[in-house]
Amino acid sequence: MSRRSDPRACARFGGRQGADFELIVYRGSREVAREYASCEDFSITVDLPPDEYRAIATLVERGDERPVTTTLPLEDLRIVRGAQLNINVDFPSTSFL
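This structure is a prediction, so every number in the text was calculated from the model and none was measured. (Residues numbered from 1 in each chain as written. Predicted model: local features only at pLDDT ≥ 70, side-chain atom pairs only at ≥ 80, totals over all residues. Heavy atoms only, no water.)

**Q** For this particular structure, what's the right way to read the sheet that holds strand β3 (residues 51-61)?
**A** Pairing between the strands of a sheet is mediated by backbone hydrogen bonds and can be parallel or antiparallel. Read from one edge of the open sheet, four strands run β2-β1-β3-β4, paired in antiparallel fashion. Sheet topology places β2 (30-38) and β4 (72-79) at the edges, where each strand pairs with a single neighbour. If you compare each strand with its neighbour and ignore which way they point, the axes differ by 25 degrees on average. Pairing of β3 with β4, which is carried by six bridges, proceeds in the antiparallel orientation. Pairing of A55 across the sheet is with L74, part of β4. (Pairing = 2+ DSSP bridges. Helix = DSSP H or I, 4+ residues; strand = E, 2+ residues; numbered from the N terminus. Axes fitted to C-alpha atoms, helices over the stretch in contact; angles between N-to-C directions.)

Here's what the structure looks like:
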């Protein structure tokens, strides 16, 4: 089976209103950012100062933020001054609730 990105899948799995991508970023145990992007965008940008972070990513139902996928951990994120960090996040079909 080939890997595909299909914006229509966001509506299919996100219920009546579609899904949003929720990203929560932590420095140590402290939450430092909580950002949302439309699932159909396939992109989110978070500005963070240089440091080490971890994050969790979840697709949530638009409007009530109820999870539609399991949560994916993103560990050992290092932000370096003057550089961009790009991370690909994949929600496999088995992660949908």
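There's plenty left to go through after this.
**Q** Looking at this structure, I do not really get unusual backbone geometry. What am I missing?
**A** Glycine aside, residues mostly have negative phi, and peptide bonds are mostly found in the trans state. One non-glycine residue, F42, lies in the positive phi region at around 55 degrees. Within the fold, F42 resides in the loop between β2 and β3. Positive phi outside glycine occurs at D76, with the angle close to 55 degrees. Among the secondary structure elements, D76 is positioned in strand β4.

All quantities given are derived from atomic positions and should not be read as evidence of function.
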